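Summary of structural features
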Amino acid sequence: MNDKIINEDLLLKAIGSEINVKSEDFEFLFPTYSKSIKVELYCPRCKEKRIFKCSDVTTAGYYLSKSVNEALIVHNNELLIYDFSCEYNHSFKVSFETLGKGNLVKFGQYPSSMYFSKEINDNIIKELDESEKEYYLLSIKSKENNLNIASVVYLRRVFESLIEKAKNKSKTDFTGMKTKDIIKQLVKENLLNEMLKSTGYNVLYSLLSDGVHNLSEEECNEQFKLLKSAIEIILEDEIYKKQLEKRKIRIGSLLSNKNSEKEKN
Ligand SMILES: [Zn+2]
């Protein structure tokens, strides 16, 4: 596979990342009718690694006003746009602008590179509101970029939001209460999943706080997986509860229909 310039690493990089392409490698930026650009990448919709192809000139847009060499070496503001798709037609676009001297800057990608991570749990995504979803994805993105403290900070934001939502459902006055006691009360009122028990939540909360205030990059790196799994377990259990509730309602109504049929007869 020819992934000399356009490769997985580049496609997972943040917007604003610069790359330098040597003049002898310019040809690898352009697919031709006989040679497509192929990259192996995790597909967020297939849920596994797929070969993404930008097949030929018809699926790439080049807005080069000069010859390739001239555009890439001398000129700024020339555009290169790629339209990739996996074999199941799940596509994404990525775009670069020339900066002269063979330098390019990545200025766009849709969907964002955040979604191309196998660490994302799709069931969890559905359960989160917009800001929680953003923090969850940023947490994974930070972890993959080795920003370990940041990854824990974003996880803590998700956790705090879950606590806040549970508090809003409660009638208790939480003024002046410590987080530890708030959690205890919420578990007691069945507003936070009892699965981890209040001790579990408090350990989780203090690990997340420690990450923010005391832990080193290396320590956050070690804790990340456990913290992420703990938050996912809370949400997965919520999903299970909702599904069970729906089934109860459905079965209940089926049984009551049967009952009225029986009475009619
Ligand atoms: Zn796919």
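Given the structure is predicted, the values throughout are model-derived calculations rather than measurements.

Below, the discussion takes up the packing of helix 4 (residues 130–144) against helix 5 (residues 148–169). The description of two helices packed together rests on the angle between their axes and the distance between the axes. Remark: helix 4 packs on helix 5, axes separated minimally by 8 Å, with the N-to-C direction vectors making an angle of 160°. The orientation of helix 4 with respect to helix 5, classified from their angle, is roughly antiparallel. As for how helix 4 packs across helix 5, the hand of that crossing is left-handed. The residues of helix 5 that touch helix 4, namely those facing Ser-131, Glu-132, Tyr-135, Tyr-136, Leu-138, Ser-139, Ser-142 and Lys-143, are Asn-148, Ala-150, Ser-151, Tyr-154, Leu-155, Arg-157, Val-158 and Ser-161. Partitioning the contact of helix 4 with helix 5 into residue classes produces 7 nonpolar, 6 polar and 3 charged.

Right, let's talk about the domain arrangement of the protein for a bit. One can read the domain layout of the protein as domain 1 (8–115) and domain 2 (122–253). Relative placement of domain 1 and domain 2: their C-alpha centres are 37 Å apart.

Counting 24 residues, the largest nonpolar core has Leu-155, Val-158, Phe-159, Leu-227 and Ile-231 as its most contacted members. Those elements that place two or more of their residues in this core are helix 4, helix 5, helix 6 (179–188), helix 7 (197–213) and helix 8 (217–264).

An ideal rise of 1.5 Å per residue puts 32 Å on 22 residues; helix 5 measures up with 33 Å between its terminal C-alpha atoms. Taken together, the buried positions of helix 5 are occupied by Asn-148, Ser-151, Val-152, Tyr-154, Leu-155, Arg-156, Val-158, Phe-159 and Leu-162.

The next point concerns unusual backbone geometry. Following Tyr-110, the chain continues into Pro-111 via a peptide bond in cis, with omega recorded as -10°. Looking at the secondary structure, you find Pro-111 in the loop between strand 7 (103–110) and helix 3 (122–127). The backbone phi angle of Lys-101 is positive, close to 55°, even though this residue is not glycine. Position of Lys-101 among the secondary structure elements: in the loop between strand 6 (91–100) and strand 7.

Turning next to the environment of Lys-93. By secondary structure assignment, the location of Lys-93 is in strand 6. A C-alpha to C-alpha distance of 26 Å links Lys-93 and Leu-147, two positions 54 residues apart in sequence. Once residues within four sequence positions are removed from consideration, Lys-93 is found in contact with Ile-81, Tyr-82, Asp-83, Gln-109 and Tyr-110.

Let us look at the pairing of strand 2 (residues 37–43). Successive side chains on a regular strand alternate, one facing one side of the sheet and the next facing the other. Taken together, the 7 bridges between strand 2 and strand 3 (residues 48–54) define a ladder with antiparallel strand orientation. What sits directly across from Cys-43, in strand 3, is Glu-48. Between strand 2 and strand 3, which pair antiparallel in sequence order, lie 4 residues; one of them, Lys-47, sits at a positive phi of approximately 65°.

Attention now moves to the packing of helix 5 against helix 6. Between helix 5 and helix 6, the shortest axis-to-axis distance is 10 Å and the interhelical angle comes to 55°. Put simply, helix 5 runs oblique to helix 6. For the pair helix 5 and helix 6, the crossing hand works out as left-handed. Contacts between helix 5 and helix 6 involve Ile-163, Ala-166 and Lys-167 from the former and Ile-182, Ile-183 and Leu-186 from the latter.

Its 15 residues place the ends of helix 4 21 Å apart at the C-alpha level, agreeing with the 21 Å of an ideal helix rising 1.5 Å per residue. The elements touched by buried residues of helix 4 are helix 3, helix 5 and helix 8. Directly after helix 4, the chain includes Asn-146, whose backbone phi takes a positive value near 65°.

The next thing to look at is the pairing of strand 7. In this sheet, strand 7 lies alongside strand 1 (residues 18–20) in antiparallel orientation, the contact comprising 3 bridges. What sits directly across from Asn-20, in strand 7, is Asn-103. Alignment of strand 6 against strand 7, held across 7 bridges, turns out to be antiparallel. From the neighbouring strand, Lys-93 faces strand 7, where its bridge partner is Tyr-110. Counting the residues that bridge the hairpin from strand 6 to strand 7 gives 2 residues, and of these Lys-101 lies at a positive phi of roughly 55°.

Rules behind the numbers
Along each chain, numbering runs from 1 in the same order as the chain's sequence is written. Residues qualify for local features only when their pLDDT is at least 70, as the model is predicted, and side-chain atom pairs are given and counted only at 80 or more; totals for whole chains, interfaces and linings, by contrast, use all residues. Where helices are involved, their axes are fitted lines through C-alpha atoms of the stretch in contact, as for all axes, and angles between N-to-C directions lie from 0 to 180°. Secondary structure elements follow DSSP: runs of H or I of four or more residues count as helices, runs of E of two or more count as strands, with numbering from the N terminus. Roughly parallel refers to an angle under 35 degrees, roughly antiparallel to one over 145, roughly perpendicular to one between 65 and 115, and oblique to any angle outside these ranges. Less than a right angle of anticlockwise turn of the near helix away from the far helix marks a crossing as left-handed, whereas a clockwise turn marks it as right-handed. Contacts here follow a simple rule: the backbone-placed C-beta atoms of the two residues must lie within 7 Å. As a working rule, the residues Ala, Val, Leu, Ile, Met, Phe, Trp, Tyr, Cys and Pro are called nonpolar, Asp, Glu, Lys and Arg charged, and the rest polar, with Gly in that last group. Domain start and stop points were drawn from an automatic or database domain assignment. Definition of nonpolar core: a set of buried Ala, Val, Leu, Ile, Met, Phe, Trp, Tyr and Cys residues joined via C-beta atoms within 7 Å. Backbone-placed C-beta atoms define the burial measure: a residue is buried with 20 or more other C-beta atoms within 10 Å of its own, exposed with 12 or fewer, and partly exposed in between. Multiplying 1.5 Å by the helix residue count minus one yields the expected span of that helix. One bridge is not enough; two strands pair if DSSP finds at least two bridges between them.

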